[in-house]
Amino acid sequence: VNIGILGTGMVGQTLAGKLTELGHNIVVGTRNVAVTLASVTPTGYGALPPYHVWQKDHPKVKLATFAEAAAHGEIVMNCTSGMNSLEALKLAGEINLDGKILIDASNPLDFSQGIPPMLSVSNTDSLAEQIQRMFPRVRVVKTLNTVNAFVMVNPSVIPGDHNLFLSGNDDEAKLDVITMLTSFGWKANNIIDLGDITTARGTEQYLALWVRLYGKLQNPMLNIHIAVGDPPKM
Ligand SMILES: NC(=O)c1ccc[n+]([C@@H]2O[C@H](COP(=O)([O-])OP(=O)(O)OC[C@H]3O[C@@H](n4cnc5c(N)ncnc54)[C@H](OP(=O)(O)O)[C@@H]3O)[C@@H](O)[C@H]2O)c1
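The structure contained in this document is the topic of the report that follows. This is a predicted model, so every value here is computed, not measured. Residue positions are given per chain, counted from 1 along the sequence in the order it is written. Under the rules for a predicted model, residues below a pLDDT of 70 receive no local features and side-chain atom pairs below 80 are neither given nor counted, while totals for whole chains, interfaces and linings still include all residues. Note that water and hydrogens are dropped before the side-chain values are worked out from all heavy atoms of the structure.

1. Considering the side chain of Asn107
Spelled out, the test is: Labels follow the DSSP assignment, with helices taken as runs of H or I lasting at least four residues and strands as runs of E lasting at least two, numbered in each case from the N terminus. Definition of a polar contact: a pair of N or O atoms within 3.5 Å, with one able to donate and the other able to accept a hydrogen when the atoms are protein atoms, and with sequence-neighbouring residues admitted only if both atoms are side-chain atoms. Only heavy atoms enter the contact rule, under which two residues are in contact if any of them lie within 4.5 Å.
Turning to its location among the elements, Asn107 is positioned in the loop between strand E5 (101-104) and strand E6 (109-110). Separated by 2.8 Å, the side chain of Asn107 and the backbone oxygen of Asn145 make a polar contact. Contact partners of Asn107, with chain neighbours within four places excluded, come to Gly82, Leu127, Asn145, Glu204 and Leu207.

2. Quick word on unusual backbone geometry
Worth spelling out the cut-off: Each residue is assigned to one of three classes by its accessible area relative to the maximum for its type, calculated with a 1.4 Å probe on protein chains only: buried under 20%, partly exposed between the two thresholds, exposed over 50%.
That bond from Ile115 to Pro116 is cis: its omega, 0°, falls within 30 degrees of zero. Note that Pro116 resides in the loop between E6 and strand E7 (118-119). Phi at Leu144 takes a positive value of approximately 70°, unusual for a residue other than glycine. Relative to the elements of secondary structure, Leu144 occurs in the loop between strand E8 (139-142) and helix H8 (149-153). Notably, Gln218 is not glycine yet its phi reads approximately 55°, a positive angle. Along the chain, Gln218 falls in the segment after helix H11 (207-217). Residue Gln218 is classed as exposed on the basis of its relative accessible area, which comes to 63%.

3. A short note on the pattern of salt bridges
Test applied: By salt bridge we mean one thing: a side-chain nitrogen of Lys or Arg within 4 Å of a carboxyl oxygen of Asp or Glu.
Here the structure, examined in full by the defined rule, presents 11 salt bridges. The shortest N-O distance in the salt bridge between Glu129 and Arg201 comes to 2.8 Å. Highlighted residues: Glu129 in helix H7 (residues 127-134) and Arg201 in helix H10 (residues 200-205), separated in sequence by 72 residues. Look at Glu129 and you get buried, because its relative accessible area is 6%. Assessed through its relative accessible area of 25%, Arg201 is described here as partly exposed. Between Lys187 and Asp161 there is a salt bridge whose closest N-O contact spans 2.8 Å. With Lys187 in the loop between helix H9 (171-184) and strand E10 (191-195) and Asp161 in the loop between H8 and strand E9 (164-168), the pair connects residues that are 26 residues apart, well separated along the chain. Its relative accessible area of 37% is what places Asp161 among the partly exposed residues. Put simply, Asp104, Lys142 and Glu204 are held in one network by salt bridges that share partners.

4. Observations concerning the packing of helix H5 (residues 85-92) against H7
Applicable threshold: All axes here are fitted lines through C-alpha atoms, helices being fitted over the stretch that makes contact, and every angle between N-to-C directions spans 0 to 180 degrees. Should an angle fall under 35 degrees it is taken as roughly parallel, and over 145 as roughly antiparallel, whereas 65 to 115 is taken as roughly perpendicular and any remaining angle as oblique. The crossing is said to be left-handed when, going from far helix to near helix, the turn is anticlockwise and less than a right angle, and right-handed when the turn is clockwise. Residues are grouped as follows: nonpolar covers Ala, Val, Leu, Ile, Met, Phe, Trp, Tyr, Cys and Pro; charged covers Asp, Glu, Lys and Arg; every other residue, Gly included, is treated as polar.
Where H5 meets H7, the axes come as close as 10 Å, and the angle between the chain directions of the two elements is 30°. In terms of their interaxial angle, H5 and H7 are classed as roughly parallel. Note that H5 runs across H7; the crossing there is right-handed. On the side of H5, the interface is formed by Ser85, Leu86, Leu89 and Lys90, while H7 contributes Leu127, Gln130, Ile131 and Met134. Its residues assigned to classes, the contact of H5 with H7 shows five nonpolar, two polar and one charged.

Just geometry here; none of it tells us what the structure is for.
Okay, here's the thing in structure tokens:
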């Protein structure tokens, strides 16, 4: 499948690497190709090398503008910094996204007041809903945002059962996304479809707990397992 990945950070690189390994045809999008290739800053606070070094190990992955990557994708993935996702998607262009599945892995984290970050949108709205409102014809599916990039594509790095969530208005799009997630190794039983796109408020606000767990454990390879008992007898 032709997939456009918007974002050159550790999520964009990790998803691009995995999807290429699985035989998909990937174009990664950035604001400015020359600037991204010239960067010597490691990605993800040192978790991965600078983009041009990573690219040498992944020669099949093409780097292009956000608009070119979106145009390439039958499926498009938003892996841009949440505070800037609307701007990045505007650059990707409505015409290039029209009618497509947009997998939104971003989180609206606002680091302007330091760590832990705040959410730039919450309670009565979410970034996923802002994206869906901006592009009503795009089939937005929020998922993957609750786990670290390495866990996204290799859930077995965390032993046992643990969960991933889906939010979106289009049931067929969600089924297609589940197919991609199971190809990463997620067990279908561990994927919880929360419902329409407003349910993304829950997974985005979960980040308030995720960043504190990370602070406490000093290890990003963490996830939650939803354990369910019998309903109470009335
Ligand atoms: N890191 C993780 O493990 C993880 C896990 C779950 C969810 N997430 C979420 O996934 C998203 C990507 O995270 P990340 O750590 O891979 O990278 P990131 O540093 O949060 O985002 C990098 C991307 O954002 C783009 N960007 C930055 N400022 C922009 C602006 N003003 N206008 C347009 N685009 C802009 C960059 O464009 P250029 O390419 O042009 O520089 C780059 O492609 C975030 O929303 C994050 O919260 C991350």
